[in-house]
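Given next are the chains, with one letter for each unit.
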Amino acid sequence: MFEYCTDPDVLSTFEWFSCYLTNGKHLLFYKSFGLIILLLFITAPLAALLGLLAAVAIKSKFLLLRLFSKAYANIVRGIPDIIFFLFIPITIDQLIEFTRHKIKCPEIVDSVWQGSDFVVCGAAKLPLNSDPQWIHDIYGFLLAVFSFTIVYGAFAANTFYGAMNSVPQSQIETGKSFGMSRKQIYTSIIFPQMWRYALPGLSNLWMLLIKSTPLLFLLGIQDVVYWARELGGSKTSIFQYPHPDWRVWYFLSLLVFYLLLTKISELILNRISKKIYVPI
Amino acid sequence: MVCNATIEDYALRSIGIGEKLLPKSDITLCDQFVLIGSGVIWNLYFCIIALAFGFIFAILTAIIRFNKYRFLSKAIDIYVFIFRGSPLFIQFFCAYEIFVLLPKIGFDINLLFTTITVETSWLTKAWLGAVLVLFLNTTAYSSEIFYGALKSIPKHDIEAAEAFGLSTRRKYRKIIIPTMLRNSWSSYTNEAIFLFHATTLVFFSSFPAWRQSGDALYYASYFADKTFNPFVPYPIIAVYFISITLLIILIFKIINVYFTKHLPKERKMPIKLFTNMVR
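Residues numbered from 1 in each chain as written. Chains lettered and ligands numbered in written order. Predicted model: local features only at pLDDT ≥ 70, side-chain atom pairs only at ≥ 80, totals over all residues.

A.B. asks: When you look at the overall build of chain B in this model, what are you seeing that I'm missing?
C.D. replies: Each helix and strand counted, chain B has nine helices and two strands in total. Along chain B, from the amino end to the carboxyl end, the secondary structure elements read α-α-α-α-β-β-α-α-α-α-α. Buried residues in chain B amount to 39% of all 279 residues. Taking contacts inside chain B between residues at least 6 apart in sequence as the whole, the part at least 24 apart equals 73%. (Helix = DSSP H or I, 4+ residues; strand = E, 2+ residues; numbered from the N terminus. Buried ≥ 20, exposed ≤ 12 C-beta atoms within 10 Å, placed from the backbone. Contact = placed C-beta atoms within 7 Å.)

A.B. asks: For this particular structure, what's the right way to read the overall build of chain A?
C.D. replies: Regarding its fold elements, chain A presents nine helices and two strands. Mapped from its N terminus to its C terminus, chain A presents α and β elements in the order α-α-α-α-β-β-α-α-α-α-α. The buried share of chain A, taken over its 280 residues, is 29%. Long-range contacts, defined here as pairs at least 24 residues apart, represent 65% of the contacts in chain A between residues at least 6 apart.

A.B. asks: Is there a simple way to think about the packing of helix H2 (residues 29-67) of chain B against helix H7 (residues 168-198) of chain B in this case?
C.D. replies: For any two helices packed against each other, one specifies the inter-axial angle together with the distance between the axes. All names here are of chain B. Relative orientation of the contacting elements H2 and H7 amounts to 150°, with a least axis distance of 12 Å. In terms of axis orientation, H2 runs roughly antiparallel to H7. Note that H2 runs across H7; the crossing there is right-handed. Across from Asn-43, Cys-47, Ala-50, Leu-51 and Ile-59 in H2, the residues of H7 making contact are Ile-177, Ala-192, Leu-195 and Phe-196. Here the contact of H2 with H7 is composed, by residue class, of eight nonpolar, one polar and no charged. (Axes fitted to C-alpha atoms, helices over the stretch in contact; angles between N-to-C directions. Parallel < 35°, antiparallel > 145°, perpendicular 65-115°, else oblique. Left-handed = near helix turned anticlockwise from the far one by under 90°. Nonpolar A, V, L, I, M, F, W, Y, C, P; charged D, E, K, R; others polar.)

A.B. asks: Mind showing me how you'd approach the packing of H2(B) against helix H8 (residues 216-227) of chain B here?
C.D. replies: All names here are of chain B. Interhelical geometry of H2 versus H8 gives an angle of 150° and a closest axis separation of 6 Å. Accordingly, the angle class assigned to the pair H2 and H8 is roughly antiparallel. On H8, the residues that touch Gln-32, Leu-35, Ile-36, Gly-39, Val-40 and Asn-43 of H2 are Ala-216, Tyr-218, Tyr-219, Ala-220 and Phe-223. Residues that form the contact of H2 with H8 fall into these classes: eight nonpolar, three polar and no charged.

A.B. asks: What is the right way to look at the interface of chain A and chain B in this model?
C.D. replies: When the parts of a complex come together, some accessible area is lost, and that lost area is often taken as the interface size. With 34 residues of chain A in contact, the opposing surface of chain B contributes 31 residues. Within the residue set of the side of chain A that touches chain B, elements represented by two or more residues are helix H3 (63-78), helix H4 (81-104), strand S2 (117-118), helix H5 (133-166), helix H7 (182-212) and helix H9 (247-275) of chain A. Looking at the side of chain A that touches chain B element by element, the count peaks at 10 residues for H9(A).

A.B. asks: Teacher, can you tell me more about H8(B) here?
C.D. replies: Think of an α-helix as 3.6 residues a turn; residues three or four steps apart then line up on the same face. With 12 residues, H8(B) ought to run about 16 Å at 1.5 Å a step, and its terminal C-alpha atoms sit 17 Å apart, in line with that. Burial within H8(B) is extensive, with nine of its 12 residues counted as buried. For H8(B), every residue scored as buried is listed here: Ala216(B), Leu217(B), Tyr218(B), Tyr219(B), Ala220(B), Ser221(B), Tyr222(B), Phe223(B) and Ala224(B). Elements in contact with the buried residues of H8(B): H4 of chain A together with H2 and helix H9 (233-259) of chain B. Phe228(B), located one to two residues past H8(B), shows a positive phi value of around 60°. (Expected span 1.5 Å × (residues − 1).)

A.B. asks: In this structure, what is going on with the nonpolar core? I would like to understand it.
C.D. replies: One recurring pattern in soluble globular proteins is that nonpolar side chains are buried together. Within the largest apolar cluster, 120 residues are counted, with the highest numbers of intra-cluster contacts made by Phe160(A) and Ala220(B). With 14 residues, H5(A) is the single largest residue contributor to this core. Beyond its immediate chain neighbours, meaning those up to four positions away, Ala220(B) contacts Ile36(B), Pro233(B), Tyr234(B), Ile236(B) and Ile237(B). (Core = buried A, V, L, I, M, F, W, Y, C linked by C-beta atoms within 7 Å.)

A.B. asks: Mind showing me how you'd approach the environment of Tyr222(B) here?
C.D. replies: Within the fold, Tyr222(B) resides in helix H8. As for Tyr222(B) and Pro233(B), which are separated by 11 residues in sequence, their C-alpha atoms are 8.9 Å apart.

A.B. asks: Even after reading the chapter, I still don't get unusual backbone geometry, so can you show me in this structure?
C.D. replies: A negative phi angle characterises most non-glycine residues, just as the trans form characterises most peptide bonds. Residues and elements named next belong to chain B. Phi is positive for Lys-68, close to 55°, though the residue is something other than glycine. Of note, Lys-68 is situated in the loop between H2 and helix H3 (70-85). When the 9 C-beta atoms within 10 Å are taken as the criterion, Lys-68 is described as exposed.

A.B. asks: When you look at H2(B) in this model, what are you seeing that I'm missing?
C.D. replies: All names here are of chain B. Under the 1.5 Å per step criterion, the end-to-end length of H2 is 56 Å for 39 residues, consistent within 8% with the ideal 57 Å. Along H2, the sharpest kink reaches roughly 25°, centred on Gly-54. Positioned one or two residues after H2, Lys-68 has a phi angle of 55°, which is positive. (Bend = angle between axes of the 7 residues up to and from the residue.)

A.B. asks: Can you walk me through the environment of Glu97(B) in this structure?
C.D. replies: One can find Glu97(B) in helix H4 (residues 88-101). Under the C-beta neighbour-count criterion, Glu97(B) is labelled buried, with 22 such atoms within 10 Å. When the C-alpha positions of Glu97(B) and Leu60(B) are compared, they lie 29 Å apart, and in sequence the two are 37 residues distant. Excluding residues that lie within four positions of it along the chain, Glu97(B) makes contacts with Arg247(A), Val248(A) and Phe251(A).

A.B. asks: I tried to follow the confidence of the model for chain A on my own but got confused; where do I start?
C.D. replies: A low pLDDT score tells you not to read the predicted coordinates there in detail. Put simply, chain A has an average pLDDT of 82, and 90% of its residues get 70 or more. When the elements of chain A are averaged for pLDDT, strand S1 (residues 113-114) of chain A gives the smallest value, 64, and helix H6 (residues 169-177) of chain A the largest, 90. (pLDDT = per-residue confidence, 0-100.)

A.B. asks: Would you explain the confidence of the model for chain B in this entry?
C.D. replies: All names here are of chain B. Averaged over every residue, the pLDDT of chain B is 82; the share at 70 or more is 84%. This stretch, residues 275-279, has a pLDDT under 50; its non-local contacts, to residues over four places away or in other chains, come to 18 contacts. As scored by the predictor, the complex reaches a pTM of 0.84 and an ipTM of 0.82.

A.B. asks: Explain the environment of Thr149(A) here, please?
C.D. replies: Mapped onto the fold, Thr149(A) is located in helix H5. Expressed as a C-alpha distance, the spacing of Thr149(A) and Gly51(A), which sit 98 residues apart in the sequence, is 9.1 Å.

What follows is the structure in structure tokens.
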């Protein structure tokens with residue numbers, strides 16, 4: 001980064017650190033913080049949307065839809081989210097590759113599950129082996145977004161369901177007696193009012209989402225935890241910047257990052273909830 | 001299906017009793033059920049120990065914060081902020097690295113009848129280190145729950161107790177703590193469930209599974225890796241977790257009935273699940 005960084009062995013402590021903390025790998029480390037923020041801002045609206053749909057489905061008239069959405073909301077919340085983060089990506093991956101295998105290589109009749117292997121033809125692989133690295137990265141990230149959305153959609157469904165039920169029943173009855181249709185009751189009575197009731201639950205959910213982002217690491221994505229382990233591990237003198245095991249400092253800096261993130265979120269959410277009257 | 005042989009070999013595998021080697025090929029449904037079930041022992045151990053100690057310390061810290069002892073309450077506020085504001089996953093990593101860096105020494109603790117040697121290297125093992133982190137974590141969350149409940153106790157209840165001339169000790173034992181527990185029981189049930197779910201993080205963060213004795217998720221992902229088929233082990237672990245979650249709810253409901261048996265029906269508070277999410 002700086003001009004004097006060409007030979008780190010002769011630098012003073014301060015200059016050494018200024019070079020060390022701005023080398024290529026550290027810049028990737030700083031970028032991975034952006035990845036976390038990106039994931040948060042993509043997942044939150046998607047999960048809210050899925051939750052809203054599921055909550056409406058729970059209240060729907062069709063038995064099948066009702067049962068399915070209820071099962072979704074309750075099963076996902078009864079199981080640790082980490083199991084879903086391990087289960088959903090591999091499932092989706094196999095599903096897509098299996099379908100592509102059937103379409104692209106119909107001449108292969110062997111089963112894709114051979115003993116303990118999952119074998120599809122080369123053309124059915126997703127992303128293709130020949131694709132550049134960034135496509136692999138984006139594919140992995142999309143799978144992560146998908147898993148987070150499924151899990152937090154279930155939590156959001158529960159929050160929205162409770163909020164919809166908190167809208168005073170008398171107003172809904174008034175709407176009915178005015179001859180409003182179900183759709184009209186939803187769009188002009190329930191939806192505009194439920195946000196006040198849903199806000200505390202949604203704030204909680206946002207905090208929960210923030211605190212589950214390090215699980216990205218388990219999905220094999222090069223996130224903050226990955227880089228903290230990578231950079232912190234002890235480096236012998238073969239490396240340009242040798243140092244002993246500094247992982248504890250890297251993880252402590254992650255701790256501070258998350259504390260800041262939750263504190264700032266809390267301040268903003270408190271401001272919003274002061275503006276909107278939240279009835280309890 | 002007869003599982004007797006597998007049960008004999010693997011039912012206690014997670015605590016080191018039974019067959020040394022894990023099944024490598026020809027993995028049957030039986031193997032998966034028994035071995036994942038054996039891993040649940042660890043999850044239950046983490047959950048019960050952390051919850052038991054956390055419950056006591058959460059009540060103590062909540063009372064200290066409620067009474068506003070100047071330095072002590074401030075310190076507890078900071079502790080609660082740190083543990084509630086950061087992901088448990090990162091806490092595990094931090095704690096493990098700190099435990100590894102601790103000097104390897106042993107302390108002799110002289111009990112009346114025997115001496116035990118406590119070694120700091122135990123902290124790098126899951127049975128002590130992970131329990132310590134989970135304990136600190138659940139204490140912080142529960143302390144916040146109980147503190148909120150303490151603040152919402154009606155003033156006149158406490159004043160009435162004082163007017164009757166109850167000593168401080170009796171006031172806490174008979175009035176304040178029971179009311180606090182009653183008001184916060186629903187949130188605390190959720191905390192217990194989330195703690196139980198959080199135990200799956202232990203072997204996935206930093207604590208190594210010693211001699212391949214891990215928790216339920218450790219074995220489930222082992223099978224998913226070996227068979228390349230996630231559709232069997234993950235549903236199995238899901239079944240275990242859902243049933244134990246239901247069991248926790250049942251136990252807490254029974255305790256709730258005991259807490260509220262003297263109240264008129266309209267003041268009994270049913271446990272509302274998942275209204276207050278944490279972690």
